[in-house]
Amino acid sequence: MFAALRTPMLGWMLLPLVWLAGCAELTGMVASDQAPLIEPDPASLDYPDTLSHAGPAKPEHPNLQDESDLWGAIRSKLVFADLDHRRVAEQRVWLARYPDRVDLVTERGRPFMPEIYHQIHLRGLPTDLAILPAVESGYRIGATSRRGAAGLWQFMPGTARLLGLRVDGVIDDRRGFSRSTAAALDHLQALADHYEGDWLLAVAAYNCGRGCVDRARARAAKAGHGTQYWDLDLPRETERYVPRWIAMVQVFSERSPEFPPLDPRRTLTEVIVYPPVDLDLARELSGLKPEEFDHFNARYKEDSLLPVVDSVWLPADKREAFTSRLAAVTPEQRARRTRYRVQRGDSLWKIARRHAVTVDYLCRINGFSARTTLQPGQILKLVEAPTQSLP
């Protein structure tokens, strides 16, 4: 089954991971965009229930450098663009109510799509997976579901850690678009291996968990029913999730010729920062607007004890200037943290002594008086913003 779409095995180490759901709920085209959940009326549609599951064979991937427009490259390799099913048609009716949202979601995906496509290309996976974050998060790097799933691919914390992502009080790799994409593709590839190349089952399991899909298949087999995706009794959300993804693939296929061209080269590049610097200094040296830098480097938690930055993602045309500025940073600037989170029992005097500054200095740069009462969790500046002139 689905021999044309089978993927290489990742090994037994990933198998325990696929029992866990990749996302907790639909946060892309529904929750994150605040579109009302309007379910189409199936009775109003006259659409065939064809049992096309895997779609056509996966096309070969040409060299990325041969592509002049990434949207066209993705469109030419879609596997599910022609899959017909009543439930897909229902989701297309739903999407048709919000045509502007499709454009908005696609525009959000522009900065990340070259990296996502590149990773999919290297693995030889269906390019349809590049559209999955549209359903998961609407390509919102900061998307967080009510249940705690986060990032483009909406990982729950436990699943993310099992897949090798760092999720703690300082760094959340679920919000790092490159690392989270690699983990999501590991996860999806392992699921596809488990289901012998059936990507509909794999994507369903990404939503509700491998155990959920396996149990549904076991119940269906025991009742003498089919065990493919369309045959299964799955949670309502998952029964919407896969058809909505396919509907998004189809809408993308039809609308992408109208999109502004997208350079297939990866326009964001990772720069290793060694020795490390703190986040404020890295943000200053980047030459980007603070909100733009934070968008590309959302894995660093802004409200934590200021993380030490060992790598940053920047537009490729900013790399050279950043590295030049970084080389000019003094050891003192690198070594000192610029902010501190107040702990229970702290005082201005204790904090000043711990960080080798005076109370007067702390008060001046934070706009305090010496009598200010500190609150646990409050963030203090420890040094003034860098005064280095940026070219």
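See the structure above.
Residues numbered from 1 in each chain as written. Predicted model: local features only at pLDDT ≥ 70, side-chain atom pairs only at ≥ 80, totals over all residues. Heavy atoms only, no water.

> What is the right way to read unusual backbone geometry from this model?
Peptide bonds are trans in most cases, and residues, glycine excluded, mostly fall at negative phi. Of note, Gln154 is a non-glycine position whose phi angle comes to about 55°, a positive value. Looking at the element boundaries, Gln154 is found in the loop between α6 (132–136) and α7 (157–162). The phi dihedral of Glu196 falls on the positive side, at around 55°, and the residue is not glycine. Its relative accessible area of 44% is what places Glu196 among the partly exposed residues. (Helix = DSSP H or I, 4+ residues; strand = E, 2+ residues; numbered from the N terminus. Buried < 20%, exposed > 50% of the residue type's maximum accessible area, 1.4 Å probe, protein only.)

> Please explain the packing of helix α12 (residues 279–286) against helix α14 (residues 319–327) as it appears in this structure.
The relative placement of two packed helices comes down to the angle between their axes together with the axis-to-axis distance. Remark: α12 packs on α14, axes separated minimally by 8 Å, with the N-to-C direction vectors making an angle of 130°. Between α12 and α14, the angle is such that the two are oblique. Judged by the twist between their axes, the crossing of α12 over α14 is right-handed. In this structure, α12 contributes Ala282, Leu285 and Ser286 to the contact, and α14 contributes Phe322, Arg325 and Leu326. (Axes fitted to C-alpha atoms, helices over the stretch in contact; angles between N-to-C directions. Parallel < 35°, antiparallel > 145°, perpendicular 65-115°, else oblique. Left-handed = near helix turned anticlockwise from the far one by under 90°. Contact = heavy atoms within 4.5 Å.)

> Would you take a moment to explain the environment of Lys77 for this structure?
Positionally, Lys77 belongs in the loop between α2 (70–76) and α3 (86–96). Accessibility expressed as a relative area gives 3% for Lys77, which makes it buried. The spacing of Lys77 and Thr127 is 50 residues in sequence and 6.1 Å in space, taken between C-alpha atoms.

> Teacher, can you tell me more about the state of the cysteines here?
Working definition of a disulfide: a covalent bond connecting the sulfur atoms of two cysteines. Considering all chains together, one arrives at zero disulfides under this definition. Here Cys212 stays unpaired: no disulfide links it, and the sulfur of Cys208, its closest cysteine neighbor, is 3.0 Å away. (Disulfide = S-S within 2.5 Å.)

> Looking at this structure, I do not really get helix α11 (residues 236–255). What am I missing?
The periodicity of an α-helix, 3.6 residues per turn, causes residues three or four positions apart to be oriented the same way. Look at α11: 28 Å from first C-alpha to last across 20 residues, which is about the 28 Å you get at 1.5 Å a residue. Most of α11 sits out of view: 17 of its 20 residues are buried. (Expected span 1.5 Å × (residues − 1).)

> Is there a simple way to explain empty space enclosed by the protein in this structure?
Rolling a probe over the atoms, with the probe sized like a water molecule, indicates the empty space that remains. Taken as a whole and judged by the stated rule, the model has three cavities of 30 Å³ or more. Taken as a whole, the largest cavity encloses approximately 60 Å³ of empty space. Around the largest cavity, the lining residues are Trp71, Val102, Val105, Thr106, Met113, Ile131, Ala134, Tyr139, Met248 and Phe252. Looking at the lining of the largest cavity, the elements with two or more residues in it are α4 (99–109) and α11. (1 Å grid on protein atoms, 1.4 Å probe; cavity = no way out; pocket = protein on both sides within 12 Å on 5 of 7 lines; lining within 4 Å. Points joined across faces, edges and corners; volume = space filled by probe spheres on them.)

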